Amino acid sequence: MKISKLASGLFAAVGSALLVGSVVLCFVGLNQPSRGIQPPEEAAACADAVLEAVGSGDFDRAAKLLYGQPELGLEREPVTTEGKQLWNAYRDSIAVITDESCYGEGTNIYQTAQVTTMDITGTLAQLENRASGLLKQKLESAEDPAALLDGNGEVQKTLKDEIRTQALTQVLSDAKTVTTQITFQLIEKDGQWWALPDQTLLDILSGGLG
């Protein structure tokens, strides 16, 4: 009889402990982020292709992986030698770092990465300042500053071009970089996986000048 009562009390205590434990686990579960879906290999391959294209400066290839094919102006190649040099330096400066593959949040799939690029806006501002400084030095050190001017009293175009080329080479040699985070969603349409870019990625692909 005593054994029976003891067993009943023990089972009751165990049952109460299990009940309390279940309630605690439920509350803990409410505070934990919900697990997303497992990204398929095709989605991961698309994400890797986008990051590889961006990191290598192949913006045309990256653009072809973006859903909706947004207008980025990539078909407009710089006309001047100066513009081409600046754009090529910008693309060569890009580095992509990611800590993980694409991941699921709820029913959506995302990819996050850190992208470092040359500060092209700041570089352009420095270019103007550097060119002005070099031109001033050139005029001040010339024995006959008037000889550097054309018939209208303006600095000769050949000298302007020379100064700007020199200034561009200097600012590119010590150009600053900026690091930003991109997060793009991966979506599947008609059996094809695409990247749905955020504004930061679009700005990177346009050099921040779009």
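Refer to the structure presented above.
If you're wondering where the values come from, they're calculated on a predicted model, not measured in any experiment.

S.K.: If you had to explain the overall build of the chain to someone new, which residues and values would you point to?
M.R.: Secondary structure summary: the chain contains seven helices and five strands in total. Order of helices (α) and strands (β) in the chain, N terminus to C terminus: α-α-α-α-β-β-β-α-α-β-β-α. Out of the 210 residues belonging to the chain, those deemed buried represent 30%. Long-range pairs, those at least 24 residues apart, make up 69% of the contacts in the chain between residues at least 6 apart in sequence. Here the chain has roughly 13,700 Å² of accessible surface; of this, 55% comes from carbon and sulfur atoms.

S.K.: Describe the pairing of strand β3 (residues 108-118), naming the residues involved and giving the relevant values.
M.R.: With respect to burial, β3 is a largely interior element, nine of its eleven residues being buried. Here strand β1 (residues 95-97) runs beside β3; their pairing, made up of three bridges, is antiparallel. In the sheet register, Ile-97 faces β3, and the bridge partner there is Gln-114. Pairing of strand β2 (residues 103-105) with β3 involves three bridges; the strand directions are antiparallel.

S.K.: Which residues make up the pairing of strand β4 (residues 177-189), and what are the values?
M.R.: Along any regular strand, the residues point their side chains to alternate faces of the sheet. Bridging between β3 and β4 involves ten bridges; their strand directions are antiparallel. Bridge pairing in β4 links Gln-111 to Phe-184. Across five bridges, the pairing between β4 and strand β5 (residues 192-196) is antiparallel. Among the inter-strand pairings, Glu-188 is bridged to a residue of β5, identified as Trp-193. Counted along the chain from β4 to the antiparallel partner β5, the turn is two residues long, and its residue Asp-190 has a positive phi close to 55°.

S.K.: Account for unusual backbone geometry, with residues named and values stated.
M.R.: Phi is positive for Gln-69, close to 50°, though the residue is something other than glycine. With a relative accessible area of 44%, Gln-69 lands in the partly exposed category. Positioned with a positive phi, Asp-190 is a non-glycine residue whose angle comes to about 55°.

S.K.: Run through the packing of aromatic side chains, naming residues and quoting values.
M.R.: One pass over the full model with this rule turns up five aromatic pairs. Seen from their ring centres, Phe-59 and Tyr-90 are 6.3 Å apart, and the 70° between their planes marks the pair as edge-to-face. Pair noted here: Phe-59 is in helix α3 (residues 59-63) and Tyr-90 is in helix α4 (residues 81-92), with a separation of 31 residues, a long-range link. Per residue, the accessibility class of Phe-59 equals that of Tyr-90, and both read buried. Between Tyr-67 and Trp-194, the aromatic rings sit 6.4 Å apart at their centres with planes inclined by 65°, giving edge-to-face as the arrangement. Taken together, the residues span a long stretch of sequence, with Tyr-67 in the loop between α3 and α4 and Trp-194 in strand β5 at a distance of 127 residues. According to the relative accessible area criterion, Trp-194 is partly exposed, its value standing at 21%. Taken together, the ring pairs connect Phe-59, Trp-87 and Tyr-90 into an aromatic cluster.

Analysis parameters
- Residues numbered from 1 in each chain as written.
- Predicted model: local features only at pLDDT ≥ 70, side-chain atom pairs only at ≥ 80, totals over all residues.
- Heavy atoms only, no water.
- Helix = DSSP H or I, 4+ residues; strand = E, 2+ residues; numbered from the N terminus.
- Buried < 20%, exposed > 50% of the residue type's maximum accessible area, 1.4 Å probe, protein only.
- Contact = heavy atoms within 4.5 Å.
- Areas by Shrake-Rupley, 256 points an atom, 1.4 Å probe, with all protein chains shown as cover.
- Pairing = 2+ DSSP bridges.
- Phe/Tyr/Trp six-rings, centres within 6.5 Å; stacked < 30°, edge-to-face > 60°.

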